[in-house]
Amino acid sequence: MTSSSSPSQAAQRALAQNYTEGLRADALMEEDVAWSHEIDGDRDGDQFDRSERAALRRVVGLSTELEDVTEVEYRQLRLERVVLVGVWTSGTVQDAENSLAELAALAETAGALVLDGVIQRRDKPDAATYIGSGKADELRDVVLESGADTVICDGELSPGQLIHLEDVVKVKVIDRTALILDIFAQHAKSREGKAQVALAQMQYMLPRLRGWGQSLSRQMGGGKGGGLATRGPGETKIETDRRRIREKMAKMRREIAEMKTGREIKRKERKRHKVPSVAIAGYTNAGKSSLLNRLTGAGVLVENSLFATLDPTVRRAETPGGRLYTLADTVGFVRHLPHHLVEAFRSTMEEVGDSDLILHVVDGSHPAPEEQLAAVREVIRDVGATDVPEIVVVNKADAADPLTLQRLLRIEKRAIAVSARTGRGIDELLALIDNELPRPSVEIEALVPYTLGKLVARAHTEGEVISEEHTPEGTLLKARVHEELAAELTPYAPAPLA
């Protein structure tokens, strides 16, 4: 027989329950309360004081605050850790090491941290993995030891070489061409420069597209007459990507052609006014922009890095004799310059081909300046500027080896040593430019009335004034001018004495 609970017992249990719930409420309101099994036994895990729950905890050792706040602007958010690899097929070991050192400078310019560099002697690069299967395994060990996340090859790799080498080393692999394209993409500022770099990148990327998974899946085929469009295999996703890239390339070429028209109009205007033009060409970081600033005060960016300036700059200059001419700073060159870039920047490089004189700037402090000269002349030959007169300007003479300067000045027929930083040799260079620029073909003497002062002004700007004398009848001018201006000045030529 079951006994029922009395009303007094039920009231006691209700009171106890209310008391327990009150304790829980008090515990939640109290900041420092001891843990008890009766009250906190059903909680999941450790409980913290309210002050600790509301506070931010500082984790020691994570601060990256710099002592010099000016370094923040130049600090990379994440530096890729790279290992360089080159194949030495010809020349001396010093040539191979110089090439790899240049690749290291390119990698640092792109924002990478170079950890190691290796060179392999081969007759020609391996068709499968660029360096051979055995050396690829050794390269994988080097990558693991150094903790690198990227391998940069000193050459242009085929799509198959990239895939096979990545399969072995298990990290990202890029070649010299992709590295230079990345630097150009970082440094291009003008609309034309960005378009040229984008076109070159798409030309490089098109044959190297890879597909897996969804990229190789078939799109819906095209049935006859529209229909349900379920017949036929259709094209894969990667084929669609290639088609879109080709369409973008066609659009980019049209935009560059339109920009080229504007450049040609300015160039024709200078030719119409018979203004001579001088183009500064040379290896990257040879000091072309510094020389332009020294000669014209252009204020172009100058930085001790590769491809610091890409966009061409044209400035007006004046010879010591008062002749006006234009001075154009062009994009820098480098050994094995990707042909994609030569094609994309052809409109920019035409400044060199259409100039009357080339100032070929070479770094006199470089270990192999002759190689720089050969690399630049190869590109000049590609753009069809071999007939333009050339002056070799050996820059950085203040930091160059005197024996190297003597050798270059002896080998090159028309060469001069200057220092754009200190101003050494600049006056001699200006005089040499004055002598080498094409001169007007007609020498004429005319008594120009004062009412036609514009003809005298044109003789100063478009020709070369030999003498000028002011007489009561007008300005007695003796000058060397082009044929069009000579025809306008001929009616005012003084009559010959009887």
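The structure presented is a predicted model; accordingly, all values stated were derived computationally and were not measured. (Residues numbered from 1 in each chain as written. Predicted model: local features only at pLDDT ≥ 70, side-chain atom pairs only at ≥ 80, totals over all residues. Heavy atoms only, no water.)

### Concerning the layout of surface pockets
Next up, step 1: Counted as a void, the largest pocket has a volume near 610 Å³.
Next up, step 2: Together, 27 residues line the largest pocket, and Lys-172, Val-173, Ile-174, Ala-178 and Tyr-204 are the ones closest to its centre.
Next up, step 3: Those elements that place two or more of their residues in the lining of the largest pocket are strand E1 (80-88), strand E3 (150-153), helix H6 (159-169), strand E4 (172-175), helix H7 (176-187) and helix H8 (191-205).
Next up, step 4: Ranked by residues supplied to the lining of the largest pocket, first place goes to H7 with 4 residues.
Next up, step 5: Within the lining of the largest pocket, the residues separate by chemical class into 18 nonpolar, 3 polar and 6 charged.
Next up, step 6: Counting only domains with at least three residues in the lining of the largest pocket, you end up with domain 1 (78-184) and domain 2 (188-214 + 238-273). (1 Å grid on protein atoms, 1.4 Å probe; cavity = no way out; pocket = protein on both sides within 12 Å on 5 of 7 lines; lining within 4 Å. Points joined across faces, edges and corners; volume = space filled by probe spheres on them. Helix = DSSP H or I, 4+ residues; strand = E, 2+ residues; numbered from the N terminus. Nonpolar A, V, L, I, M, F, W, Y, C, P; charged D, E, K, R; others polar. Domains from an automatic or database assignment.)

### So, the side chain of Arg-208
Next up, step 1: Within the secondary structure, Arg-208 is located in the loop between H8 and helix H9 (237-272).
Next up, step 2: Reaching out from Arg-208, the side chain makes a polar contact with the backbone oxygen of Leu-157 at a distance of 2.9 Å.
Next up, step 3: If we skip the residues at most four places from it in the chain, Arg-208 touches Glu-156, Leu-157, Pro-159, Leu-162 and Asp-175. (Polar contact = N/O pair within 3.5 Å; in protein donor to acceptor, adjacent residues only side chain to side chain. Contact = heavy atoms within 4.5 Å.)

### A look at the pattern of salt bridges
Next up, step 1: Summed over the entire model, instances satisfying the criterion amount to 15 salt bridges.
Next up, step 2: Put simply, Glu-138 and Lys-135 hold a salt bridge, and the shortest N to O gap is 3.7 Å. Of this pair, Glu-138 and Lys-135 both sit in helix H5 (residues 133-146), separated by 3 residues, roughly a single helical turn.
Next up, step 3: What makes Glu-138 partly exposed here is its relative accessible area of 45%.
Next up, step 4: Since its relative accessible area comes to 37%, Lys-135 is described here as partly exposed.
Next up, step 5: A salt bridge links Glu-156 to Arg-208; its shortest N-O distance comes to 3.6 Å. (Salt bridge = Lys/Arg side-chain N within 4 Å of Asp/Glu carboxyl O. Buried < 20%, exposed > 50% of the residue type's maximum accessible area, 1.4 Å probe, protein only.)

### Observations regarding the nonpolar core
Next up, step 1: In this structure, Leu-165, Phe-333, Leu-359, Val-393 and Leu-429 are the most contacted members of the largest nonpolar core, which totals 82 residues.
Next up, step 2: The element best represented in this core is H7, accounting for 6 residues.
Next up, step 3: Discounting residues that sit within four places of it in the chain, Leu-359 has contacts with Val-278, Ala-279, Ile-280, Ala-281, Leu-295, Leu-327, Ile-391, Val-393, Leu-429 and Ile-433. (Core = buried A, V, L, I, M, F, W, Y, C linked by side-chain atoms within 4.5 Å.)

### With respect to the environment of Val-275
Next up, step 1: With respect to the helices, strands and loops of the structure, Val-275 is situated in the loop between H9 and strand E5 (277-282).
Next up, step 2: Residue class for Val-275 comes out partly exposed when judged on its relative accessible area of 23%.
Next up, step 3: Between the alpha carbons of Val-275 and Thr-326 there is a distance of 7.1 Å; along the sequence they are 51 residues apart.

### Here's the deal with H5
Next up, step 1: Taking 1.5 Å per residue as the helical rise, H5 with its 14 residues ought to reach 20 Å, and the 20 Å between its terminal C-alpha atoms agrees with that figure.
Next up, step 2: Of all the positions in H5, only Ala-136, Leu-139, Val-142, Val-143 and Ser-146 are classed as buried. Taken end-on, H5 shows its buried residues confined to a sector of 110°, consistent with a single buried face. Counted as exposed and oriented over 90 degrees from the buried face of H5: Ser-133, Leu-144 and Glu-145.
Next up, step 3: Against E1, strand E2 (112-121), E3 and H6 lie the buried residues of H5. (Expected span 1.5 Å × (residues − 1). Arc of directions from axis to C-beta.)

### So, the packing of helix H10 (residues 288-296) against helix H15 (residues 426-436)
Next up, step 1: Their axes nearest at 11 Å, the elements H10 and H15 cross at an angle of 80°. It follows that H10 is roughly perpendicular to H15 by the angle criterion. Together, Leu-291, Arg-294 and Leu-295 of H10 and Ile-426, Leu-429 and Leu-430 of H15 make up the contact between the two elements.
Next up, step 2: For the contact of H10 with H15, the class distribution of residues is 5 nonpolar, no polar and 1 charged. (Axes fitted to C-alpha atoms, helices over the stretch in contact; angles between N-to-C directions. Parallel < 35°, antiparallel > 145°, perpendicular 65-115°, else oblique.)

### Side note on the sheet that holds strand E13 (residues 475-481)
Next up, step 1: Read from one edge of the open sheet, 3 strands run E11-E13-E12, paired in antiparallel fashion. Since the sheet does not close on itself, it has two edges, and those belong to strand E11 (442-448) and strand E12 (464-470), each with one partner. Adjacent strand axes in the sheet meet at a mean angle of 10°, parallel and antiparallel pairs treated alike.
Next up, step 2: Along the sheet face, helix H16 (residues 453-462) touches E11, E12 and E13 and points at about 145° away from the line of E12. (Pairing = 2+ DSSP bridges.)

### Digging into the sheet that holds E2
Next up, step 1: With parallel pairing, 4 strands are arranged side by side in an open sheet as E2-E1-E3-E4. Both edges of this open sheet fall to E2 and E4, since each of them pairs with a single strand only. Averaged over all pairs of adjacent strands, the angle between their axes in this sheet comes to 25°, without regard to strand direction.
Next up, step 2: Pairing geometry for E3 and E4, over 4 bridges, is parallel. Considered in E4, the bridge of Cys-153 is made with Asp-175.
Next up, step 3: Across the sheet, helix H4 (residues 93-109) lies against E1, E2 and E3, angled at about 155° from E2, the strand it touches most.
Next up, step 4: Across the sheet, H6 is in contact with E3 and E4; its angle to E4 comes to roughly 145°.

### Topic: the environment of Thr-461
Next up, step 1: With respect to the helices and strands, Thr-461 occurs in helix H16.
Next up, step 2: With 186 residues separating them along the chain, Thr-461 and Val-275 place their C-alpha atoms 7.8 Å apart.

### Description of the confidence of the model for the chain
Next up, step 1: On average, residues of the chain score 76 in pLDDT, and 74% of them reach the 70 mark or higher.
Next up, step 2: A low-confidence stretch, residues 27-35 (pLDDT under 50), is modelled with 9 contacts involving residues beyond four sequence positions or located in other chains.
Next up, step 3: Across residues 43-48 the pLDDT falls below 50, and counting only partners more than four positions away or on other chains, this stretch makes 2 contacts in the model. (pLDDT = per-residue confidence, 0-100.)

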